[in-house]
Structures are given as C-alpha cells and as structure tokens.
Amino acid sequence: MYLLLLACGGLAGITTVLFGFGGGFFMVPLLHTVLLATHGADSLVGQAAMHIAVATSTGVMIVGAGLATRRHHRAGTLDWRWIRPLAGYIALGAVAGAAAAMAMRGDWVRWAFVAYLAITIVDALLRPGFLARTAAPPRVTSAGASAVLGLGIGMVAALLGVGGSVMTVPLMRRRGLPMTRATAMATPLSLPMALAGTAAYVLLARDQAALLGPWQAGYVDLRAFAALAAGSWIGIRLASPWIGRLSDGVHAKAYLALLAGVLAAMVAL
C-alpha cells in the first residue's frame, strides 16, 4: 500500500510543479480507495474515508506547495504582486471550508468534488481566455475582488482537499497570464490554504483520532502523509527541469486533460 502511495506522491509532485495542482486530484481518490479496501466501508475508518483522504491530502500540500514554490522562485516564474492580495483571504476561507467538510457526509464531499471538477472543465472550454491566451495585457485583481475570490478559493480548496489550482489557474489565465506563470502562482497560493486547512482538520477532529487509530492526527493519516510527502519530494525534483519548457497551448490542454482524467476516476469510484 505504501509503495502505491509513494508513487502517487511522486505523480502529485510532478503535477504540482508543472500544473500547480497540489496533488489532491490524485491523492484524494487514491487514498479514499485504499482506506476502503484495507478497512472496509462499514468500519469507522471506512465511514470517515473521504474526510481522512481530504485532510491528509491537504497536509501533504504543505510539503508539495512549499517545495514547488521554492523551485518556481528560483526559476523566476513567480510575481508576488498577484499572490500577496489573495494569500490571507485564502487562509481564512480554508478554515471555513475544513469546518464545512467535517459537517458533511463523506459521499456529499465526494460528489461536491465531482461537480466542481465538471464545472471547471466546462467553464475553461467555453469561456474565452483559457485554451488561448488573451491578447490584452495582464490585469491585476482589485482589492475587493481579491477578498471575495480569496475566501472562495480557500473554502472550496479545503473542503475538497484539492489545493487552489482548480480556481487560481483559470483566474490567472483569464487575467491574461501565460500558463507557466498561471500554474506557478498556484503553488504559493496553495500554502496558506494547506496550513490553515490542515490545522483545522487536526484540531477540530482531535476527538476522532483515538477512535480511528494510533497514527491519526485528527483526520490526518500520518503514515499515509509520510509516504505521499516523500513521493511528492521525489516528483518535484524530477519535474523541476521542465518548468517553462511546455508551449502555452499544450500546457493549457494538458491541464484540462488531467482534470478530465481525475473526474472520470472519481465518478467511477
């Protein structure tokens, strides 16, 4: 099981660097499946499998997003003017999203995940500015819009355990940024969500840890976290030389193709 999680972590690290995903798109479905297979759907762990998968994925994002941010900073693909106005609001939204996730049934969280992915894919395909970069110069988001967007990004990302890429990349893309910079911005913007969301999942579910097993910190599975984080570190190191090498059109299409693949996997669970 842990070798499988290590491999998944490696894939998550690659997609974090190249697409800003944070890895939740791969980690949540896989860990959910592994927990059901190893503990059974009727066990306490099985009943909380989706919550554990989301919380553990959120924790792993601290490692992945931190390492990927460092790599992008070295590569010169980050513009902090776009990041600072959103970061604090994303952290606040993440606390609310984690609390909402724990109040929902696991299957509701799963279908919320599916619905959001579907909406994102359709929006990116139909709305101008994603598949082909707009000719207008990039536009920085206003202070009021940053507050609203940041709270929404943090809430949805922590609720589903997927990082902010699913919202920040389309947002930056519609603001006129190339895919290399749009995906790069998603990594530091995932950090405040990951930190605040993980803290909420650990503290608000601390009473559940003793019931779920000795290797639990709230809803975070520490053994799965270690395997996924180690794999993520390996994947980030392998993918870093490819930063900025994909053409803009190929980069955008590959991003949507990955989203579609995860959507199909979640529907099939």
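A. Expanded view of the environment of Ala217. Following the sequence through the fold, Ala217 ends up in strand 1 (residues 216-217). Residues Ala217 and Ile52 lie 165 residues apart in sequence; the distance between their C-alpha atoms is 10.0 Å. In contact with Ala217, other than residues within four places in its own chain, are Val202 and Leu222.

B. Structural context of empty space enclosed by the protein. Per the stated rule, a full pass over the model turns up three cavities of 30 Å³ or more. Taken as a whole, the largest cavity holds about 60 Å³ of empty space. What lines the largest cavity is simply Val17, Leu18, His72, Thr180, Thr183, Trp242, Ile243, Gly244, Arg245, Leu246 and His251. At the level of elements, helix 1 (2-19) and helix 9 (179-204) are the ones that each hand at least two residues to the lining of the largest cavity. Of the residues contributing to the lining of the largest cavity, the split by class is five nonpolar, five polar and one charged.

C. Just the pattern of salt bridges, in detail. For the coordinates displayed, the defined rule picks out two salt bridges. The residue Arg173 makes a salt bridge to Asp248 at a minimum N-O spacing of 2.5 Å. Highlighted residues: Arg173 in helix 8 (residues 165-174) and Asp248 in helix 12 (residues 248-268), separated in sequence by 75 residues. Classification of Arg173 by relative accessible area gives buried; the value is 0%.

D. Expanded view of the nonpolar core. By size, the foremost hydrophobic cluster in this structure holds 82 residues, and its most contacted members are Phe113, Tyr219 and Tyr255. The greatest single-element share of this core, amounting to 11 residues, is contributed by helix 9.

E. Seen up close, the environment of Ala75. If you trace the backbone, Ala75 turns up in helix 4 (residues 49-75). By relative accessible area, which is 44% here, Ala75 ends up partly exposed. Taking C-alpha positions, Ala75 is 36 Å from Ala101, a pair spaced 26 residues apart along the chain.

What counts and what doesn't
Residues numbered from 1 in each chain as written. Predicted model: local features only at pLDDT ≥ 70, side-chain atom pairs only at ≥ 80, totals over all residues. Heavy atoms only, no water. Helix = DSSP H or I, 4+ residues; strand = E, 2+ residues; numbered from the N terminus. Contact = heavy atoms within 4.5 Å. 1 Å grid on protein atoms, 1.4 Å probe; cavity = no way out; pocket = protein on both sides within 12 Å on 5 of 7 lines; lining within 4 Å. Points joined across faces, edges and corners; volume = space filled by probe spheres on them. Nonpolar A, V, L, I, M, F, W, Y, C, P; charged D, E, K, R; others polar. Salt bridge = Lys/Arg side-chain N within 4 Å of Asp/Glu carboxyl O. Buried < 20%, exposed > 50% of the residue type's maximum accessible area, 1.4 Å probe, protein only. Core = buried A, V, L, I, M, F, W, Y, C linked by side-chain atoms within 4.5 Å.

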